[in-house]
Amino acid sequence: MSATPATDGPANDMGLVVVGAAGRMGQTLIRAIHSISGARVIGAVERADSPHLGKDAGELAGIGIINVPISDDPLPVFAKADGVLDFTTPASTVEFAGYAAQARIVHVIGTTGCSTDDNARIAAAARHATIVKSGNMSLGVNLLAVLVEQAARALDADDFDIEILEMHHKHKVDAPSGTALLLGEAAAAGRGIELSGNDVRVRDGHTGVRKTGSIGFATLRGGSVVGDHSVMLAGTGERITLSHHAEDRAIFARGAVKAALWARGKKPGLYSMRDVLGLS
Ligand code: NAD
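Residue numbers here run from 1 along each chain, matching the order of that chain's written sequence. Local features in this predicted model are restricted to residues of pLDDT 70 or higher, and side-chain atom pairs are both shown and tallied only at a pLDDT of 80 or more, whereas totals for entire chains, interfaces and linings draw on every residue. Think of the side-chain values as coming from all heavy atoms in the structure, minus any hydrogens and water.

Participant: Is there a simple way to explain the site of the ligand in this structure?
Facilitator: Around the ligand, a shell composed of 22 residues is seen, among which R24, M25, E46, R47 and T112 lie nearest. By the criterion applied in these results, polar contacts are pairs of N or O atoms within 3.5 Å in which, for protein atoms, one can donate a hydrogen and the other can accept it, and in which residues neighboring in sequence qualify only through two side-chain atoms. The backbone of M25 places a nitrogen or oxygen atom 2.8 Å from an oxygen atom of the ligand. Residue E46 places a side-chain N or O atom 2.6 Å away from an oxygen atom belonging to the ligand. Bound to the protein, the ligand loses 81% of the 860 Å² it would expose on its own. Mapped onto the shell around the ligand, the elements with two or more residues apiece are α1 (24–35) and α4 (90–103). Gly is put with the polar residues, along with every residue not named as nonpolar or charged; the nonpolar set is Ala, Val, Leu, Ile, Met, Phe, Trp, Tyr, Cys and Pro, and the charged set is Asp, Glu, Lys and Arg. For the shell around the ligand, the per-class residue count stands at seven nonpolar, 11 polar and four charged. Proximity criterion: a residue is near a molecule or strand once any of its heavy atoms comes within 4 Å of it. Every accessible area reported is derived by Shrake-Rupley at a probe size of 1.4 Å, with residue values counting cover from the shown protein chains alone. Helix and strand assignments follow DSSP, with helices taken as H or I runs no shorter than four residues and strands as E runs no shorter than two, numbered in order from the N terminus.

Participant: Honestly, the sheet that holds strand β10 (residues 227–234) in this entry has me stumped. Any pointers?
Facilitator: Either a parallel or an antiparallel arrangement is found when strands of a sheet pair, and the pairing is made through backbone hydrogen bonds. Pairing is mixed across the open sheet formed by five strands, whose spatial order is β8-β9-β7-β10-β11. Every other strand in the sheet has two partners, leaving β8 (199–200) and β11 (239–246) as the edge strands with one partner each. On the sheet, helix α6 (residues 139–154) packs against β7 (161–168), β10 and β11 and is oriented at approximately 170° with respect to β11. The rule for pairing is simple: two strands pair if DSSP sees at least two bridges between them. Throughout, a contact is declared for two residues whenever any of their heavy atoms are within 4.5 Å. Lines fitted to C-alpha atoms define the axes here, with helix axes fitted over just the stretch in contact, and angles between the N-to-C directions of these axes take values from 0 to 180 degrees.

Participant: I would appreciate a short explanation of the UniProt feature "domain: Dihydrodipicolinate reductase N-terminal" (unreviewed entry) in the protein in the present structure.
Facilitator: UniProt positions are given in the numbering used here, feature names are shortened, and annotations may be inferred rather than shown by experiment. As annotated by UniProt and renumbered to match this structure, "domain: Dihydrodipicolinate reductase N-terminal" (unreviewed entry) occupies residues 15–137. Taken end to end, residues 15–137 comprises 38% helix and 21% strand; its first and last C-alpha atoms sit 20 Å apart.

Participant: What should I look at first to understand the domain arrangement of the protein in this one?
Facilitator: Many analyses report the size of an interface as the accessible area lost when the parts associate. The split into domains, and so the bounds of each, comes from an automatic or database assignment of domains. Annotation of the protein at the domain level lists domain 1 (12–132 + 248–275) and domain 2 (138–245). For domain 1 and domain 2, the distance between their C-alpha centres works out to 28 Å. On the side of domain 2, 13 residues touch domain 1, which itself brings nine residues to the contact. The term buried area means the drop in 1.4 Å probe accessible area that two parts suffer when joined, counted for both and summed. For the pairing of domain 1 and domain 2, the buried interface totals around 920 Å² over both sides, and the portion due to carbon and sulfur atoms is 56%. The rule for a salt bridge is simple: a side-chain nitrogen of Lys or Arg has to be within 4 Å of a carboxyl oxygen of Asp or Glu. Taken together, the links from domain 1 to domain 2 amount to one salt bridge. With its nearest N and O atoms 3.1 Å apart, the salt bridge here joins R274 to E149. Broken down by secondary-structure element, the contributors of at least two residues to the side of domain 1 that touches domain 2 are α8 (250–263) and α9 (273–277).

Participant: Is there a simple way to explain the packing of aromatic side chains in this structure?
Facilitator: The way to describe two aromatic rings as a pair is by their centre distance and the angle between their planes. Centre distance within 6.5 Å is the pairing criterion for rings of Phe, Tyr and Trp, where only the six-membered ring of Trp is used; planes under 30 degrees apart are then read as stacked, over 60 as edge-to-face, and the remainder as tilted. On inspection of all chains with the given rule, the structure shows three aromatic pairs. Seen in terms of ring centroids, F78 and F96 are 5.9 Å apart; in terms of plane orientation they differ by 35°. Their pairing is tilted. Of the two residues, F78 is situated in helix α3 (residues 74–79) and F96 in helix α4; the sequence distance between them amounts to 18 residues. No difference in accessibility class separates F78 from F96, as the two residues are buried. Where F78 meets Y99, the ring centres are 6.3 Å apart and the plane angle is 85°; that geometry is what we call edge-to-face. With F78 in helix α3 and Y99 in helix α4, the pair connects residues that are 21 residues apart, well separated along the chain. A 1.4 Å probe rolled over the protein chains alone gives each residue an accessible area, and that area as a share of the maximum for its type sets the label: buried under 20%, exposed over 50%, partly exposed in between. Accessibility expressed as a relative area gives 22% for Y99, which makes it partly exposed. Linked through ring pairs, F78, F96 and Y99 together constitute an aromatic cluster. Here, a charge over a ring is recorded when the distance from Lys NZ or Arg CZ to the ring centre is within 6 Å and its angle to the ring normal is within 35 degrees. In this structure, K266 is placed above the aromatic ring of W262, and the distance from its NZ or CZ to the ring centre is 4.4 Å.

Participant: Can you walk me through the packing of α4 against helix α5 (residues 116–125) in this structure?
Facilitator: The N-to-C vectors of α4 and α5 enclose an angle of 15°; their axes lie 9 Å apart at closest approach. The angle between α4 and α5 places the two elements in the roughly parallel class. Where α4 crosses over α5, the two elements pack in a sense that is left-handed. Residues P90, T93, V94, A97 and A101 of α4 form the contact with α5, whose participating residues are D118, R121, I122 and A125. Of the residues belonging to the contact of α4 with α5, the class tally is six nonpolar, one polar and two charged. Orientation is classified from the angle alone, with under 35 degrees giving roughly parallel, over 145 giving roughly antiparallel, 65 to 115 giving roughly perpendicular, and any other angle giving oblique. Left-handed is the label given to a crossing in which the near helix is rotated counterclockwise from the far helix by less than a right angle, and right-handed is the label when the rotation is clockwise.

Participant: Honestly, the pairing of β11 in this entry has me stumped. Any pointers?
Facilitator: The side chains of a regular strand alternate between both faces of the sheet. Bridge count between β10 and β11: eight bridges; the pairing is antiparallel. Looking at β11, one finds that A234 is bridged to R239. Between β10 and β11, which pair antiparallel in sequence order, lie four residues; one of them, G237, sits at a positive phi of approximately 90°.

Here it is as structure tokens:
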């Protein structure tokens, strides 16, 4: 198979490294970059024990050879890149944030499940790197978050209870999803409260009655579901449901490339997808 070599793009194209290049999102990112003008893949990184080291990233992603071998050493590729797209694991994302800050390049983070400590380290790296981080890179979910915030503001906590239901494929390892938490944050912002301390992430056994103003989460896992989210505002005698259904990972990948192109040349800081999409 053959395709346009990665080195053939115009000189001012944004050179992007995909870390986690053999993963579900990594391969989708390689395909997305290849189809979007203004960006090209210049590096692909995987963990040291990956069976895919040395393979061509384009060939693995199904677009043919792009002359970008998958490596386990991020430093040389970060040094020649303009940005890195990172959908990996919290521990590796924190490490990559340090390298991206050293290289003073754009870091787009889609990894979910980061702890408070992980997020503090990422925020520290954002003093030197331009970071865009979001639990969901799609236009649809970020618009949904705006609508959820408005609905939560308009409907009083005494009258409407907010519950967030999500379903993902059986391989997902963190819960609630980053998107569910993003939507929870939006609901909390609409209510003028912090999500932390008002969230109910699990219910089991004799839970007692629902606490007024709390924001509940329910998690389903199974099959190949890319991502379904519903935010319910349940009142007495009526219920509003705001939903998003992701059918293809390409929506997240296209959003991530858009974020990288947007962030190029922006001053260091921690930005969100809402900033990228002008929804802030
Ligand atoms: P995956 O397991 O298919 O892929 C992760 C890849 O990262 C794997 O190939 C793994 O080998 C690689 N990896 C792990 N540690 C590494 C390291 N230190 N160096 C290099 N590579 C490393 O998972 P996935 O379904 O692609 O999801 C990845 C992450 O992206 C998850 O946190 C998921 O929740 C998140 N995600 C976010 C969005 C969004 O829009 N923000 C959308 C989809 C998925």
